[in-house]
Amino acid sequence: MKKSRQVSLIALMIICTCFLTGCWNYREIEQLAIVSGVAIDKNGEDKVLVTIETVSVQQDQKQSTLKPVYIQSVGITFFGAIRSMIAVEGKRLYWSHAKVAIISEEIAKEGISSVLDFISRDAEVREDMWVLLSREKSAREIFNSKPEFESILSFQIDNTMRAQESVSRYPAVELYEFLDNIGSKEASTTIPTIKLIENRGKTEVYITGAAIIKKNKLLGYLGETDTRSMLWVQNKLKGGIYPIKDAADTQINVALEIFKNKTRIKPELRDGVPIIKINILTDVNIGEIMGYEDFISEKGRSLLEKDAEAQIKKDIEDLIEKAQKEYKTDFLGFGESIKRSMPNVWRSIEKEWNEIFMDIETSVEVDISIKGSAIKSKPIKVGD
Amino acid sequence: MNVSKDLVENIALLKKKFKSDQSLLFREFSIGGTNNVECLAVFIDGMVDVARINTEIISPLLELKKEDTEDIYLPAVLKDKIASAQVEKTADFTKLINYLLNGYTTIFIDGYEDALAINTQSINRRRISEPVSEKVVRGPRDGFNESLPNNITLIRARIKSENLKFHFREIGRETKTKVCLCYMENIADDGIVKEVEKRLDAIDIDGILDSGYIQELISDEGYSPFRTIGHTERPDVVAGKLLEGRIAILCDESPFALTLPFLFLEYFSANENYYNHFYYATFNRMLSLIGFILSTSVPAIYTALITFHQEMLPTPLILSISAARQGMPLPTIAEIILILFVFEVLREASIRIPEVVGQTISIVGALIIGEAAVEAKLISAPIVIIGALSGITSYLVPKMEQAGIIVRLVILLASAFLGLYGYAFCGIVLFIYLTSMRSFGVPYMLFDSSLSAEDQKDVIFRAPWWAMNKRPRLLASKNIVRKKS
């Protein structure tokens, strides 16, 4: 083919391709309404009430301010409710930066995963959103509080969830993890709960404790201490402060800073009956001694360690008892551990696991090792 | 055409050819005492050194006595008498005019056909100065100027080897520009030399004004924005390349020497690279490579991410860019093309601006583009940064400036249509295109993907000189080992 013909053919192909494809998916960034968080409630029998928090950016003279704008919508499906928001907002909602999904108790009592289907199905919505349960009457009330530290409440919640390891009073569950857990055999998992508190005259958001979800439905709540114990047993504890009241029979409170933990759940067979042995190895620092008592010397440390071990053991045993007697649900992963290490036994007891779990014998062994005491090796001395 | 025996006829012919050309000067004189042989010296004012004409030509000739000029063949005698280093004897009128136009002085003798031509060329040239286009911190500071003999000397002074060969030719029907082909006979590939000579001989053009003409006329990939023949103003660069087995072409009246074959990786090394410490040299090369990638990719990737893949950016960045773009009249792609265009305008204008106004205009440019346009909400602030970043990094590889403009634009358009997929696609096409190019038979991307350690000594890393034992293969296959021991 002649060179000129070649060239014109290629040019024609390129031009046609450009027109035919029409650069789909080209979106100007300022035409997007960026969604940062969503709260899902029930509205009446069958409808879903969706409240989203979008970020509205204003730029005046080199200063850009972010303002949260809330939009509500009702629909029989989540997707339908969201779409109709375009009529209100004008701009197209952009979900890729949404960070938080807050679900109301009502929905949780009936079944969570139904409203989460859209989020996991849609390509734009990220599956690493944090899932939280609202302790207020509805989920949208959470958006009533004005965020203190960030302009957008969802970003503040996002920061709090990221800092979970340092606090360890609530679990941090991302959406994909949550959905994975629900899909597993036992179908029980925990998600953090969020509520509003009054603080210096202002309404603030407070994330604390966990909610137990069994088979897609809300089963109950766990307080802060129980949540920490739960994280301990599940080997998810990575940090946090463990306060000991009246350590070693003194009047002094001591704070231990946890920085490493390894929990092993070992099922064993004793006379053909499975028992669970929980081994906890934690490395801590002495963070604070609220008095003049020598807990740092060898003798003092061992006293402190023993006291801490006893307290932790009690906390965990309390939790296990609650799980067995009150909630009658294995959300601690005992079944999983039996399945992993003794699959034959598991197969035979699988069907009656719930009943077996309620009475299963557990033994908890805690081993605290105090690794350091920050930069001072003596408590504050008070002169005579 | 032949010279006439009659002096008067010759004068008439010359006057006719150079009608009313006052720069052609005639000096008639008679020699041989009472013999009175009429002679004529013709030369072109401004191209000759008049003092030399006086001392070397006219003086000795005027001293000839009658006895010296009787019954002998005068042109031969005069040739011996003239105290000049270059004397030619010819009867060809066309050749004589050629000599005249080259600054020679021609002597016509009445009664004889043969005439003499003596080299008295002295054209005012620029002094040897530091090359403006290629400044270095470390390295010699002499640069080629417009005189071919001077340029050849600069190279000769560096390579005092008998293997260094120079082949002369004249190219250009009207300009008759002297062009010199230069190579190391024991290193350069014979096939390439033959090919270059063939192409030079095939040039048919009326005038060569700069080596750039030759570059375009003989280069392999005529349509490519990437060059296959390099040019440089520095003699040490040329000498270095000659030692690697490359061939240089020097052109009279042009301070730029051509070197061929030119490979892609030569874009990224300034000659300082070989004089500085090898850590620093390696670092500089990597910087150049990063500069090239940044300057061509930054506008494209910015466009692709902002308009197609907003989910890839961290949320605070999305929010601040979204804030900056509120109320902007132009879509992103138009803004970027506008800012790139403005940058090119500034660049080109700053080359042409007379120095007097230069300062003012640059301040005006910076203020207007930077501040006022953003405040007037014509373009958004991130775009100005993108344009500036792209422009400044393109100067990390100054040789690539011309190719960079085109590559940047094409990749930008591809990204604007297809997002990151377009960018990747265009990048692949570019890479395939580059690897398919050849410069005088040598693959353009030679060594770039080679994994042998020997090859890699001079690509991104510059190995220290004590480790560079071999010359680049394919260029110097005749004589690949540098060291004797």
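Residues numbered from 1 in each chain as written. Chains lettered and ligands numbered in written order. Predicted model: local features only at pLDDT ≥ 70, side-chain atom pairs only at ≥ 80, totals over all residues.

Novice: Explain the overall build of chain A to me, please; I cannot follow it from the model alone.
Specialist: For chain A, the helix and strand inventory stands at 13 helices and 13 strands. The C-alpha radius of gyration of chain A comes to 27 Å, more than 25% above the 21 Å expected for a compact globule of 384 residues. The burial tally for chain A puts 36% of its 384 residues in the buried class. Considering only intrachain contacts with a sequence separation of at least 6, the fraction spanning at least 24 residues in chain A is 68%. (Helix = DSSP H or I, 4+ residues; strand = E, 2+ residues; numbered from the N terminus. Rg over C-alpha atoms; globule rule 2.2 N^0.38 Å. Buried ≥ 20, exposed ≤ 12 C-beta atoms within 10 Å, placed from the backbone. Contact = placed C-beta atoms within 7 Å.)

Novice: For this particular structure, what's the right way to read the interface of chain B and chain A?
Specialist: One widely used convention gives an interface's size as the accessible area the parts lose upon coming together. Contact residues are listed per partner, giving 20 residues for chain B and 20 residues for chain A. Elements that contribute at least two residues to the side of chain B that touches chain A include exactly helix H10 (278-307), helix H11 (315-324) and helix H15 (401-436) of chain B. Top element by residues in the side of chain B that touches chain A is H11 of chain B. It accounts for eight residues.

Novice: Whenever I open this one, the sheet that holds strand S3 (residues 87-90) of chain B confuses me. Can you help?
Specialist: Hydrogen bonds between backbone atoms are what pair the strands of a sheet, whose relative direction is either parallel or antiparallel. Residues and elements named next belong to chain B. Strands sit in the order S1-S2-S4-S5-S3 across an open sheet of five strands; the sheet is antiparallel. Two strands close off the open sheet at either side, each with one partner strand: strand S1 (24-31) and S3. The average undirected angle you get between the axes of adjacent strands in this sheet is 20°. Relative to strand S2 (residues 37-44), S1 runs antiparallel, the two being bridged by eight bridges. (Pairing = 2+ DSSP bridges. Axes fitted to C-alpha atoms, helices over the stretch in contact; angles between N-to-C directions.)

Novice: Please clarify how the domain arrangement of chain A should be interpreted in this entry.
Specialist: Residue and element names in this part refer to chain A. By the assigned domains, chain A splits into domain 1 (29-222) and domain 2 (225-384). In this structure, domain 1 and domain 2 have C-alpha centres spaced 32 Å apart. Between domain 1 and domain 2, the contact holds 18 residues from the first and 15 residues from the second. Counting residues per element, the ones that place at least two in the side of domain 1 that touches domain 2 are helix H7 (164-167), strand S7 (188-199), strand S8 (202-214) and strand S9 (217-222). With four residues, the top contributor of residues to the side of domain 1 that touches domain 2 is S8. (Domains from an automatic or database assignment.)

Novice: Sorry if this is basic, but what is going on with the sheet that holds strand S10 (residues 240-244) of chain A here?
Specialist: All names here are of chain A. What the four strands build is an open sheet, ordered S10-S11-S12-S13; its pairing is mixed. The open sheet has two edge strands with one neighbour each: S10 and strand S13 (361-372). Mean inter-strand twist for the sheet, computed between neighbouring axes without regard to direction, equals 40°. Sheet analysis places S10 next to strand S11 (residues 254-270), joined by five bridges and oriented antiparallel. Bridge pairing in S11 places Tyr242 opposite Leu256.

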